[in-house]
Amino acid sequence: MKKTIQYLQAKKKIEKITAITAYDALFSSLFDSKVDIILVGDSLNMSFGGKEDTLSMGIDEIIYHTKAVCRGAKESFIIADMPFGSYQNSKMAIKNAVSIYKKTSADAIKIEGDIHKAGIISDMVSEGIAVIGHIGLMPQFARSQGGYKIKGKTSQEAKELIDCAIALEKAGACMIVLEGIYTSVATQITENLKIPTIGIGSGINCDGQILVWSDMFGFFEKFKPKFVRKYLEGSTLIQTALQQYVEDVKNGNFPSVQESYQG
Ligand code: KIV
């Protein structure tokens, strides 16, 4: 069954929403139907592109990867990330989101930003675009904010986050990603909203959870944030298997007769 916004919103307070990132058809087909949401996140720029941050990701790259993810996943709800600089004002945001909608079968678009993005979200929603907000630690703001900082420590910051979430909901956002927010603040946000919150590094009480797949399966080893749980030792498994292949080739153990065409 194809997951819809209505299906996901109805899960609030009933069952947790599960989400993961994917960037290609191979892995989205593995994740499809097991998770509610697949996000084509701009984290791709770091985890697979080898870049220092997400800022250089372009709209054409997101479209390319979203197309691939949509080819592999038929049931999960697919969200495409709007890259840095692609939603500076309503006109630009609508143009780029429409382009994503026309060229892919993404179900929704995610944008990072605080209360100042409420107007843009409202204009996008008026044009028939389903928008997911993303607040708290916003990787696209890492350069301007001097790094990746956990949010909601002071009561002022907590209030700003809660007000922001309420404003984004009023603007028409259908869900909000809460990244790197203290658990107590993420809990208050979740309790104050009718729409679901999807947490990453924001504690247990969000309506759902998302992780970047290369982090949770142990493929990205540059750094491991506190909130990541490794469900697989991916790098070790791949390297061990690769080493075996290299030895087999060198020793003449690969290919075998059965793995060769005889004629
Ligand atoms: O780009 C991404 O993968 C994200 C998640 C961390 C939520 O935005």
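Computed from a predicted model, the values in this text were never measured in an experiment.

**Describing the overall build of the protein chain**
Turning to step 1, where the next piece is worked out: Each helix and strand in the protein chain was counted, giving ten helices and eight strands.
Turning to step 2, where the next piece is worked out: Against the compact-globule benchmark of 18 Å for 263 residues, the protein chain has a radius of gyration of 20 Å, which places it among compact chains.
Turning to step 3, where the next piece is worked out: Once the C-alpha set of the protein chain is aligned to its principal axes, its extents read approximately 70 × 40 × 40 Å.
Turning to step 4, where the next piece is worked out: Pairs at least 24 residues apart make up 59% of the contacts formed inside the protein chain by residues separated by at least 6 positions.

**Examining the nonpolar core**
Turning to step 1, where the next piece is worked out: Counting residues in each nonpolar core, the largest one holds 54 residues, and the members touching the most others are Met 82, Ile 111, Met 124, Ile 135 and Ile 189.
Turning to step 2, where the next piece is worked out: Looking at this core element by element, the count peaks at seven residues for helix α7 (residues 155-171).
Turning to step 3, where the next piece is worked out: Beyond its immediate stretch of four places on either side in the chain, Met 82 contacts Asp 42, Ile 59, Tyr 87, Ala 93, Asn 96, Ala 97, Ile 100, Ile 109, Lys 110, Ile 111, Met 124 and Gln 140.

**Here we look at helix α5 (residues 90-103)**
Side chains of residues three or four places apart in an α-helix project in the same direction, reflecting 3.6 residues per turn.
Turning to step 1, where the next piece is worked out: Taking 1.5 Å of rise per residue, 14 residues should cover 20 Å, and α5 covers 20 Å from first to last C-alpha, within 8% of that figure.
Turning to step 2, where the next piece is worked out: Residues of α5 that are buried: Ser 90, Ala 93, Ile 94, Asn 96, Ala 97 and Ile 100.
Turning to step 3, where the next piece is worked out: Elements in contact with the buried residues of α5: α4 (59-72), β3 (77-81), β4 (108-112) and α6 (118-126).

**Focus on the domain arrangement of the protein chain**
The figure often quoted for interface size is the accessible area lost as the parts come together.
Turning to step 1, where the next piece is worked out: When its domains are assigned, the protein chain resolves into domain 1 (5-232) and domain 2 (233-263).
Turning to step 2, where the next piece is worked out: Between the C-alpha centres of domain 1 and domain 2 the distance comes to 39 Å.
Turning to step 3, where the next piece is worked out: The interface is formed by six residues belonging to domain 1 together with five residues belonging to domain 2.
Turning to step 4, where the next piece is worked out: Across the interface of domain 1 and domain 2, roughly 450 Å² is buried in total on both sides, 51% from carbon and sulfur atoms.

**Some details on the packing of aromatic side chains**
Turning to step 1, where the next piece is worked out: Taken as a whole and judged by the stated rule, the model has nine aromatic pairs.
Turning to step 2, where the next piece is worked out: Ring centres of Phe 27 and Phe 31 lie 6.0 Å apart, and the angle between their planes is 50°; on these two criteria the pair is classed as tilted. Linking Phe 27 with Phe 31, this pair stays in helix α2 (residues 25-31), spanning four residues, or about one helical turn.
Turning to step 3, where the next piece is worked out: Accessibility expressed as a relative area gives 9% for Phe 31, which makes it buried.
Turning to step 4, where the next piece is worked out: Seen in terms of ring centroids, Trp 213 and Phe 217 are 6.2 Å apart; in terms of plane orientation they differ by 50°. Their pairing is tilted.
Turning to step 5, where the next piece is worked out: Given a relative accessible area of 5%, Trp 213 falls into the buried group.
Turning to step 6, where the next piece is worked out: Through a chain of ring-to-ring contacts, three or more aromatic side chains come together here, namely Tyr 23, Phe 27, Phe 31, Phe 48, Trp 213, Phe 217 and Phe 219.

**Describing the layout of surface pockets**
Turning to step 1, where the next piece is worked out: The volume enclosed by the second largest pocket comes to roughly 290 Å³.
Turning to step 2, where the next piece is worked out: Lining the second largest pocket are 13 residues, and of these Asp 114, Met 138, Glu 157, Glu 160 and Leu 161 sit closest to its centre.
Turning to step 3, where the next piece is worked out: Of all elements in the fold, only β5 (131-136) and α7 reach the threshold of two or more residues within the lining of the second largest pocket.
Turning to step 4, where the next piece is worked out: When the residues that make up the lining of the second largest pocket are grouped by side-chain class, the tally is five nonpolar, three polar and five charged.

**Some details on the packing of α7 against helix α8 (residues 183-192)**
Turning to step 1, where the next piece is worked out: Contact pair α7 / α8: the axes reach a minimum separation of 10 Å and the direction vectors enclose 30°. In terms of axis orientation, α7 runs roughly parallel to α8. Crossing of α7 over α8 shows right-handed handedness. Judged by residue contacts, Ala 158, Leu 161, Ile 162, Ala 165, Ile 166 and Glu 169 of α7 engage Val 185, Gln 188, Ile 189 and Asn 192 from α8.

**Here's the deal with the pairing of β4**
Turning to step 1, where the next piece is worked out: Among the five residues of β4, five are classified as buried, and the element is accordingly described as predominantly covered.
Turning to step 2, where the next piece is worked out: Side chains of β4 alternate between two faces, with Ala 108, Lys 110 and Glu 112 and Ile 109 and Ile 111 buried alike.
Turning to step 3, where the next piece is worked out: As judged from the three bridges shared by β3 and β4, these two strands associate in the parallel manner. Across the sheet, residue Asp 81 finds its bridge partner in β4, namely Lys 110.
Turning to step 4, where the next piece is worked out: The handedness of the β3 to β4 crossover, carried by α5, is right-handed.
Turning to step 5, where the next piece is worked out: As paired strands, β4 and β5 are joined by four bridges and run parallel to one another. Bridged to Ile 109 within β5 is Val 131.
Turning to step 6, where the next piece is worked out: As for the winding sense of the linkage, the β-α-β connection from β4 through α6 to β5 is right-handed.

About the thresholds
- Residues numbered from 1 in each chain as written.
- Predicted model: local features only at pLDDT ≥ 70, side-chain atom pairs only at ≥ 80, totals over all residues.
- Heavy atoms only, no water.
- Helix = DSSP H or I, 4+ residues; strand = E, 2+ residues; numbered from the N terminus.
- Rg over C-alpha atoms; globule rule 2.2 N^0.38 Å.
- Contact = heavy atoms within 4.5 Å.
- Core = buried A, V, L, I, M, F, W, Y, C linked by side-chain atoms within 4.5 Å.
- Buried < 20%, exposed > 50% of the residue type's maximum accessible area, 1.4 Å probe, protein only.
- Expected span 1.5 Å × (residues − 1).
- Domains from an automatic or database assignment.
- Buried area = accessible area lost by both parts, 1.4 Å probe.
- Phe/Tyr/Trp six-rings, centres within 6.5 Å; stacked < 30°, edge-to-face > 60°.
- 1 Å grid on protein atoms, 1.4 Å probe; cavity = no way out; pocket = protein on both sides within 12 Å on 5 of 7 lines; lining within 4 Å.
- Points joined across faces, edges and corners; volume = space filled by probe spheres on them.
- Nonpolar A, V, L, I, M, F, W, Y, C, P; charged D, E, K, R; others polar.
- Axes fitted to C-alpha atoms, helices over the stretch in contact; angles between N-to-C directions.
- Parallel < 35°, antiparallel > 145°, perpendicular 65-115°, else oblique.
- Left-handed = near helix turned anticlockwise from the far one by under 90°.
- Pairing = 2+ DSSP bridges.
- Right-handed = clockwise from strand over helix to strand, strands pointing away.

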